[in-house]
Amino acid sequence: MTSDRQIARLLNEEHRGQLDLLGKVESALGSRKADDDLLRDLVKQLRRQVEHDVGRHFDFEEAELFTRMDESGEGDIAGLLAEEHDAIRDVAEELLPLTAAALDGTLDADGWDALRRTALEMVERQVAHIQKEEMAMLPLLEDLLDEETDGRLAMEYAC
């Protein structure tokens, strides 16, 4: 990440936390049994992260950053990132009910297989998406945002 903008730093920090969790989830899904406490905790963390990411995080980027990117001539990148948001939302629609069932203890063996498959798809999509945002979007923010707008957006996002 090359931008000095506050909002870019906030998003980068969030991305790093997401990547850390996604790596742990991917590893645990391959090596842990459904009744494992660590896996259960990671499923809970993944659920919270997905709810946040497909809600507040995506909505903020689409409303505040993608529109500015489009207006500045970077609409192709913004469009690609928005398409990826939609694809991730689709996976989240399948994943969230599975995580809820896992956390309340009602997920059977087939359900755990579906949870593993869907969670791994989520990991793959989010990791690729975060990499694109880090390489293509965050560096653009230096030119897209003046200091005042950057400070306002960072404050809004942090609250």
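Because the structure is predicted, anything quoted here is derived from the model rather than measured.

(A) Structural detail: the nonpolar core. Formed by 28 residues in total, the largest nonpolar core has its most connected members in Val50 and Leu115. Counting only elements with at least two residues in this core, the list comes to helix H1 (6-31), helix H2 (37-71), helix H3 (75-103) and helix H4 (109-137). Considering each element in turn, this core owes the most residues, eight residues, to H3. Those residues in contact with Val50, other than ones at most four positions away along the chain, are Gly55, Ala92, Leu95, Leu96 and Met122.

(B) Looking closely at the packing of aromatic side chains. This model, assessed by the stated rule, comprises one aromatic pair. Note on Phe60 and Tyr157: the rings are 4.7 Å apart at their centroids and 50° apart in plane angle, and the pair reads as tilted. In this pair, Phe60 is assigned in helix H2 and Tyr157 in helix H6 (residues 147-158), connecting sequence segments 97 residues apart. On the basis of relative accessibility, which here comes to 5%, the residue Tyr157 falls in the buried class.

Thresholds, definitions, all that
- Residues numbered from 1 in each chain as written.
- Predicted model: local features only at pLDDT ≥ 70, side-chain atom pairs only at ≥ 80, totals over all residues.
- Heavy atoms only, no water.
- Core = buried A, V, L, I, M, F, W, Y, C linked by side-chain atoms within 4.5 Å.
- Buried < 20%, exposed > 50% of the residue type's maximum accessible area, 1.4 Å probe, protein only.
- Helix = DSSP H or I, 4+ residues; strand = E, 2+ residues; numbered from the N terminus.
- Contact = heavy atoms within 4.5 Å.
- Phe/Tyr/Trp six-rings, centres within 6.5 Å; stacked < 30°, edge-to-face > 60°.

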